[in-house]
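Secondary and tertiary structure notes
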Amino acid sequence: MKASVLYYSKTGHTKQMAEEIVKGMEKVEGVKAKAFSIDAIDEEWAQESKCIILGSPIYMANVCTDIKAFLEKSSRKLNLPGKLGGAFATVDYVHGGGELGIRLMLDHMMVMGMLTYSGGGAKGKPVIHLGPVAVSDALESYNDTFQTYGQRMAEKAAEIF
Ligand SMILES: Cc1cc2nc3c(=O)[nH]c(=O)nc-3n(C[C@H](O)[C@H](O)[C@H](O)COP(=O)(O)O)c2cc1C
């Protein structure tokens, strides 16, 4: 089963955390995951992916313009309806708006007919209610959480599909 982690990243933080999610997804037997910048997506791979996770840096307490434009304009060609979706963010500040950005991405996914998931509190610690948020001055300290999130998303996708 294929999976994709799509992101926008200007200074590398969101890309770095996308790659941690990929590592976690690939811990699930039979799952092949790849990360792509939204301006260099392997469309065939993404179309065939059962699970799509989207990541944004947070600008002004919400997603950046490129992610909003991607959601409104470019995402339709990826056959999103019916796929499992999730979202993550990177921020400079713990109260900088990470979860607001995640909510916006999950809302768009719902509008497009995707199934959204995170694991919530049902999987125990680390509890990830909506999606993981990494703070830029300590990115590596979030690696385990992002890998666990990727693993949970891939396990759920494997269970459904
Ligand atoms: C225009 C702009 C606005 C930003 N606004 C916020 C913000 O509201 N809250 C926050 O925590 N970080 C903010 N940041 C910091 C970025 O979200 C953070 O550095 C992020 O990790 C960058 O991701 P990237 O390296 O993948 O581009 C802002 C950065 C820029 C350039």
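Above: the structure in question.
Reference entry: report on the structure contained in this document. Fair warning: this is a prediction, and the values are worked out from it, not measured in the lab.

1. A short note on the pairing of strand β3 (residues 51-59)
Here β3 lies mainly inside the structure; 8 of its 9 residues are buried. Pairing geometry for strand β1 (residues 2-7) and β3, over 5 bridges, is parallel. In the sheet register, Tyr7 faces β3, and the bridge partner there is Gly55. With 7 bridges connecting them, β3 and strand β5 (residues 84-91) associate as parallel partners. By the bridge assignment, Ser56 is partnered in β5 with Ala89. Where β3 hands over to strand β4 (residues 62-63), the hairpin turn is made up of 2 residues, of which Met60 adopts a positive phi near 50 degrees.

2. Regarding the packing of aromatic side chains
What the rule picks out here adds up to 1 aromatic pair. Residue placement shows Lys34 over the ring face of Trp45; its charged tip is 4.2 Å from the ring centre.

3. Regarding the nonpolar core
Counting residues in each nonpolar core, the largest one holds 28 residues, and the members touching the most others are Leu6, Ile38, Ile41, Leu54, Ile67 and Met105. Those elements giving two or more residues to this core turn out to be α2 (43-48), β3, α3 (65-74), β5 and α4 (98-111). In terms of residues, this core owes the most to one element, α4, which gives 5 residues. Here Leu6 is in contact with Phe36, Ile38, Ile41, Ile52, Ile53, Leu54, Gly55, Phe70 and Leu78, once residues within four sequence places are set aside. In this structure, Met17, Val22, Met25 and Ala157 belong to the second largest nonpolar core, which totals 24 residues.

Quick notes on the rules
Residues numbered from 1 in each chain as written. Predicted model: local features only at pLDDT ≥ 70, side-chain atom pairs only at ≥ 80, totals over all residues. Heavy atoms only, no water. Buried < 20%, exposed > 50% of the residue type's maximum accessible area, 1.4 Å probe, protein only. Helix = DSSP H or I, 4+ residues; strand = E, 2+ residues; numbered from the N terminus. Pairing = 2+ DSSP bridges. Phe/Tyr/Trp six-rings, centres within 6.5 Å; stacked < 30°, edge-to-face > 60°. Lys NZ or Arg CZ within 6 Å of the ring centre and 35° of its normal. Core = buried A, V, L, I, M, F, W, Y, C linked by side-chain atoms within 4.5 Å. Contact = heavy atoms within 4.5 Å.

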